[in-house]
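Here is what each chain is made of, one letter per residue.
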Amino acid sequence: MWWDERVSARFRRNLQPTLTYWSVFFSFGLCIAFLGPTLLDLRCQTQSSLSQITWVFFSQQFCLLLGSCLGGVFKRTLAQSLFALFASSLAISLVFAIIPLCHNVVVLAVVMAVAGLAMGCIDTISNMQLVKIYQKDSAVFLQALHFFVGFGALLSPLIADPFLSDTNCILSNSTANASSNLPHIRKSLVPHHPGNLSHYDLPMKGMVVTRVSYAFWIMALINLPVPIAVFFLLYKERMVPCFNSSSHPLLSADELAMETRPTEKDDLSTAVQRPQAAGGHDDLFSCCQSKNFRGASYTYFAVHITGALVLFMTDGIVGEYSGFVYSYAVEEPLSVVHKVAGYLPSLFWAFITLGRLISIPVSYRMKPATMVFINVVGVLITFLLLLIFSYSVVFLFVGTASLGLFLSSTFPSMLAYTEDILQYRGCATTVLVTGAGIGEMVLQLLVGSIIHDRGSYSFLVCGMIFGGLAFTFYAFLLFFHRMYPKPSADLDDASPDKPAITDDTGQYQR
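Residues numbered from 1 in each chain as written. Predicted model: local features only at pLDDT ≥ 70, side-chain atom pairs only at ≥ 80, totals over all residues. Heavy atoms only, no water.

As annotated in an unreviewed UniProt entry, the chain is Major facilitator superfamily domain-containing protein 4A from Alca torda. According to UniProt, the comment filed for the chain under the heading Sequence similarities (unreviewed entry) is "Belongs to the major facilitator superfamily." A UniProt comment under Subcellular location (unreviewed entry) is attached to the chain, and it reads "Membrane". (UniProt positions renumbered as here; feature names shortened; annotations may be inferred.)

(A) Expanded view of the overall build of the chain. A count of helices and strands for the chain gives 24 helices and two strands. Every one of the 510 residues in the chain was classed for burial, and the buried ones make up 57%. Sequence-distant contacts, at least 24 apart, represent 83% of the contacts inside the chain between residues at least 6 apart. (Helix = DSSP H or I, 4+ residues; strand = E, 2+ residues; numbered from the N terminus. Buried < 20%, exposed > 50% of the residue type's maximum accessible area, 1.4 Å probe, protein only. Contact = heavy atoms within 4.5 Å.)

(B) Local environment of unusual backbone geometry. The residue after E332, namely P333, is reached through a cis peptide bond having omega 10°. With respect to the secondary-structure elements, P333 resides in the loop between α16 (298-330) and α17 (338-341). Positive phi, normally seen in glycine, also occurs at Q47, with a value near 50°. As for its position among the elements, Q47 is in the loop between α3 (35-46) and α4 (50-53). A positive phi angle is found at Q135, which is not glycine, with a value near 45°. Mapped onto the secondary structure, Q135 falls in the loop between α7 (105-134) and α8 (138-160). Classification of Q135 as buried rests on a relative accessible area of 10%.

(C) The confidence of the model for the chain, seen in detail. Summary statistics for the chain give a mean pLDDT of 78 and a share of 75% for residues scoring 70 or more. The model gives residues 246-281 a pLDDT under 50, and that stretch makes 53 contacts with residues more than four places away or in other chains. Note on residues 489-508: pLDDT is under 50 here. Beyond four places in sequence and across chains, it has 51 contacts. (pLDDT = per-residue confidence, 0-100.)

Below is the structure:
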């Protein structure tokens, strides 16, 4: 194996929970990318206008952000985390099953808000749990985690595509005229962000003809094994009340004996972990309580803030680029054919997924700080070249693929790096997930309004500015890392920065 025996043994000890968290993140990806391509069929199903149906995007994105902020509430114990993941993954399957029954746009928005809350909880809890299990070895497992969200985001549009309407799915006297704009409108909604659609007029009344319900029911069935896997983990951990007496723990008899053997090293490790559990990885509101700030240096806050700002920019770039690259391509000066331009968002997400797959082995050999540096510099250079060759359609496709590769591993690498700086005792996961979510929402809205006022060329200028800011904030993070106090000498042997102890006790913690 390309990693050493120590990490391999740790992975084997935590195989079931690790695979479970990866599968839950697949649910996250499955849910995040289906709305764009299916929105026009959902508009027909609810017989609403384009401006009304695009509010469904907002309800999902806003509640995803809210769920990310609140996700840490369920992290206080392992049982709370697993029950929250079980409820969230089951809610996603139920949402897929219920969507075909929603014939009112307000009801659909409420259902998508529930999906957003579930996705936000999954995002925060899964990242937190993997960081808690693997700590200094978490980078490679976080890269794999985010590969699964990319895989799910690629799969759901492919499932939906055969069931999408080729012509307008509300039959009326104006159908023939409206249907000619349908491919362009649909591509403007890929993957999960609405463009400026106010000038399109599609019929709202008539006979509804759509088969998109089958796509949602297929996705509900595909996602159903995920809550089953979480429930099985709860059962193995003896956390299901009805089955406590007959279940078995995840650890073998030898590992249990090692775990319960009273040694001086275990006592020291426990002493270190108590304050760590009390002060780290809470929800956003708990992190902001004044009791967590006592005795903290200014660099403690600076690391949190600069790390979140880097992800605010990079995840914002992911959102604005995937949302507007199609609209940029079909406008002058490129004037790409609509069908060809429709491949750009898919290419972008495909290379994000490919990059996350490549980053799994790379992250074991390369430090997270180095990977983040390569990512932000690569994003900055790619946008610079896109500006220089702004009249080249070929380079637009090359640049889109390059941007997907460089952005792919930024979030997991930044998360691993920031948690490592804070010795896994801060609120980095919660703050970074929240910052990334805010960035994706805010920068999409900002870029959309700028493009509307200044033209399509401002799309690349905004990306260049955001890339430059991401690099600047990362430089500040490196500076604050050098200033951040090192672990005290008396706890050095028990620190999470020392893998020797966590190797022996690094199994699934309750």
